Each structure stands twice: as structure tokens, then as C-alpha cells.
Amino acid sequence: MRTIVDASYTDGSKSALSVKKPKVVFVLGGPGSGKGTQCANIVEHFGYTHLSAGDLLRAEINSGSENGTMIQNMISEGKIVPPEVTIKLLEKAIMGSENDKFLIDGFPRNEENRAAFESLTGIVPEFVLFFDCSEEEMKRRLLGRNQGRVDDNIDTIRKRFKVFVESSLPVINYYNSKGKVKKIDAGKPVAEVFEAVKAVFTPVNDKAAA
């Protein structure tokens, strides 16, 4: 059941998503949890469109638009990009697609993002796909694909993991209290992880086709 509430931005404009009513799945997991690989598998097997909030922000910056310059300046000054900016980019990408089901990867990063997304778009996710992986395993994977000074890499990885725990876990806990979290043991090999993912998405796809 897709839940839609009345939604509008601070400038008074209504979110177009409340008309399109897309099916949205949030994909969360720490750095090195393998969610990018699994999103590609889900796109191929289940026909979702994969949207990365980080990729959309980077693309907007690289476009040289006024909005992109504003985002770049905020990041350069160490400021946090307001949720409304990221949400409008997600909305633009969703409205520009003919698909009606989307994986939103790496968003919401925190409770402010979560509350803003539901308030501004009127959309509650179908569920949250959470790739649960130990810090040690994520560290092993990231070091395996990184080059450079090991100490710097480990320090950076620890900081990224700390940010994930402090910011994203409250979001996961919120949706878990609503019965909307599908937790995947992401510490296993890629093929085994996707078997678990398929078990989550197959009933959803069968229900949608009915």
C-alpha cells in the first residue's frame, strides 16, 4: 500500500510525485556493504530504476547550473546541503523517467532527510532494504579496493562508518518500528547476498503483477 500525504515545498509548490505515486525503496548500508553491486542486480532482474542521491548532487554540480554552483559552494564551506535540494533532484529524476519503481540509494542519510522526504513528496517507501555488514568486513573490502597509505584509509573508513552509525541507523530504527525494514546479511559472498535480496523482491514483484 503506497501512502500519500498532502505535500508541498517551502515556496508553496506541490510535489509532482504526489501525482505520479511512484513505488520507492530506500537502500541503506554502510561504506563497503555492497549495496551498489546489489542495486545493479535488482535493476537487471526486477526492473527498478536506480537513483543515487550522491550521484545526482555530483551531476548537478558538474552541470554548471546555478543550482549546482550553490551546492558546490555549500559543500566547499562545510555546510550541509538542505534536504529540499536533494529531494528536488530526486523528484526531477523520478518525473523524468517512464518507470514507476525506484531504488533510492544512500538516502535518507539522517532523520532530517527522512522527515523532509515524506513531508515534501507525500511518499512513504514501500520498504527499506538494509545491507547489514560488520565494520571489520566493510573495512576489509574497502582496503582491498583502495590504494595509498593504509593508515589514512583506515582512519577515513572509521570516520565514514561512524557517520553511518550516528546518522543512518536512527532512520533504520524508525522504519523498523513501522515494520518496513528488510535486513540483508551483507557479509556473505555477492551471489548469496543476492539470493536473499531476490527473496525480498520476488513477492513484491508478484504482488505488483497480480
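Worth saying up front: this structure is predicted, and the values here are computed from it rather than measured.

**Q** What should I look at first to understand the nonpolar core in this one?
**A** A general feature of soluble globular proteins is that nonpolar side chains tend to end up buried together. Residues Phe26, Ile104, Phe107 and Phe117 are the most contacted members of the largest nonpolar core, which totals 23 residues. Looking at this core, the elements that each hand over two or more residues are strand 1 (23–29), helix 5 (83–95), strand 3 (101–105), helix 6 (111–121), strand 4 (127–132) and helix 8 (150–177). Setting aside its immediate chain neighbours within four residues, Phe26 contacts Ile104, Phe107, Pro108, Phe117, Pro125, Phe127, Val128, Leu129 and Tyr175.

**Q** So what exactly am I meant to see when it comes to helix 4 (residues 66–76) here?
**A** What helix 4 keeps buried is the set Gly68, Ile71 and Met74. One face of helix 4 carries all of its buried residues, which in axial projection span an arc of 125 degrees. Turned more than 90 degrees from where helix 4 packs its buried face, Glu66 and Ser76 sit exposed. On its buried face, helix 4 sits against helix 3 (53–62) and helix 5. Where helix 4 terminates, the next one or two residues include Gly78, which has phi positive at roughly 75 degrees.

**Q** I keep staring at the side chain of Gln38 and nothing clicks. Help me out?
**A** Among the structural elements, Gln38 can be located in helix 2 (residues 35–46). Classification of Gln38 by relative accessible area gives buried; the value is 3%.

**Q** Can you walk me through the environment of Ala115 in this structure?
**A** Structurally, Ala115 is set in helix 6. Taking the relative accessible area as the measure of exposure, Ala115 reaches 37% and is therefore partly exposed.

**Q** Where do I start with helix 2 in this structure?
**A** In an α-helix, one turn spans 3.6 residues; hence positions three or four apart end up facing the same way. The end-to-end C-alpha separation of helix 2 is 15 Å, in line with the 16 Å expected for 12 residues at 1.5 Å each. A positive phi of about 75 degrees marks Gly47, the residue just after helix 2.

**Q** Got a minute to help me understand the UniProt feature "binding site: CMP" (unreviewed entry) in the chain in this structure?
**A** Within this numbering scheme, the UniProt entry marks Asn113 as carrying the feature "binding site: CMP" (unreviewed entry). For Asn113, the position within the fold is in helix 6. Since its relative accessible area comes to 10%, Asn113 is described here as buried.

**Q** Which parts of the structure should I look at to understand the side chain of Asn41?
**A** In this structure, Asn41 sits in helix 2. The exposure class of Asn41 is buried, given its relative accessible area of 17%. Discounting chain neighbours no more than four positions away, the residues touching Asn41 are Val190 and Phe194.

**Q** Explain the sheet that holds strand 1 here, please?
**A** Remark on secondary structure: sheet strands pair via backbone hydrogen bonds, oriented parallel or antiparallel. Pairing in this open sheet of 5 strands is parallel, and the strands run 2-3-1-4-5 from one edge to the other. Single-partner strands in this sheet number two, and they are strand 2 (49–52) and strand 5 (181–185). Sheet twist, expressed as the mean angle between neighbouring strand axes with direction ignored, is 25 degrees. Where strand 4 lies against strand 5, 5 bridges are found, and the strand directions are parallel. Paired with Val128 across the bridge in strand 5 is Val181.

**Q** How do you make sense of the packing of helix 3 against helix 4 when you look at a structure like this?
**A** For any two helices packed against each other, the geometry is given by the interaxial angle and the distance between the axes. Two numbers describe how helix 3 lies on helix 4: the axes approach to 7 Å, and their chain directions differ by 115 degrees. In this view, helix 3 runs roughly perpendicular relative to helix 4, as classed from their interaxial angle. In this structure, helix 3 meets helix 4 at a crossing whose hand is left-handed. Two secondary-structure elements touch here, helix 3 through Leu57, Glu60 and Ile61 and helix 4 through Asn67, Gly68, Ile71, Gln72 and Ile75. A per-class count over the contact of helix 3 with helix 4 returns 4 nonpolar, 3 polar and 1 charged.

**Q** Would you explain the confidence of the model for the chain in this entry?
**A** Should pLDDT be low for a region, the predicted coordinates there are not to be read in detail. Mean pLDDT for the chain: 84, with 85% of residues reaching 70 or above. Per-residue pLDDT stays below 50 along residues 1–8; that stretch engages in 27 contacts with residues further than four places along the chain or on separate chains.

**Q** How should unusual backbone geometry be read in this particular structure?
**A** For the peptide bond that leads from Phe107 to Pro108, omega is 0 degrees, which places it in the cis range. Here Pro108 lies in the loop between strand 3 and helix 6.

Definitions and cut-offs
- As a convention, each chain's residues are numbered from 1 in the sequence order in which they are written.
- Per-residue local features of the predicted model are confined to residues with pLDDT of at least 70, and side-chain atom pairs are confined, for both listing and counting, to 80 or more; whole-chain, interface and lining totals are unaffected and use all residues.
- To obtain the side-chain values, all non-hydrogen atoms of the structure were used and water was disregarded.
- Throughout this description, the term nonpolar core refers to a set of buried Ala, Val, Leu, Ile, Met, Phe, Trp, Tyr and Cys residues connected via side-chain atoms within 4.5 Å.
- Only protein chains enter the area calculation, which uses a 1.4 Å probe; residues under 20% of their type maximum are buried, those over 50% are exposed, and those in between are partly exposed.
- Secondary structure elements follow DSSP: runs of H or I no shorter than four residues count as helices, runs of E no shorter than two count as strands, and numbering proceeds from the N terminus.
- We call two residues in contact when some of their heavy atoms are within 4.5 Å.
- Within this analysis, the arc is defined by the directions that extend from the helix axis to the C-beta atoms.
- Here, expected helix span is obtained from the residue count minus one, scaled by 1.5 Å.
- UniProt positions are given in the numbering used here, feature names are shortened, and annotations may be inferred rather than shown by experiment.
- The pairing criterion is simple: DSSP has to find at least two bridges between the two strands.
- To obtain an axis, a line is fitted to C-alpha atoms, over the contacting stretch when the element is a helix, and the angle between two such axes runs from 0 to 180 degrees between their N-to-C directions.
- Just so you know how the angles are binned, under 35 degrees is roughly parallel, over 145 roughly antiparallel, 65 to 115 roughly perpendicular, and the rest oblique.
- Rotating anticlockwise by less than a right angle from the far helix to the near helix defines a left-handed crossing, while the corresponding clockwise rotation defines a right-handed one.
- Three classes are used, and their members are as follows: Ala, Val, Leu, Ile, Met, Phe, Trp, Tyr, Cys and Pro are nonpolar, Asp, Glu, Lys and Arg are charged, and the others, Gly among them, are polar.
- A score between 0 and 100, pLDDT records how confident the predictor is in each residue.

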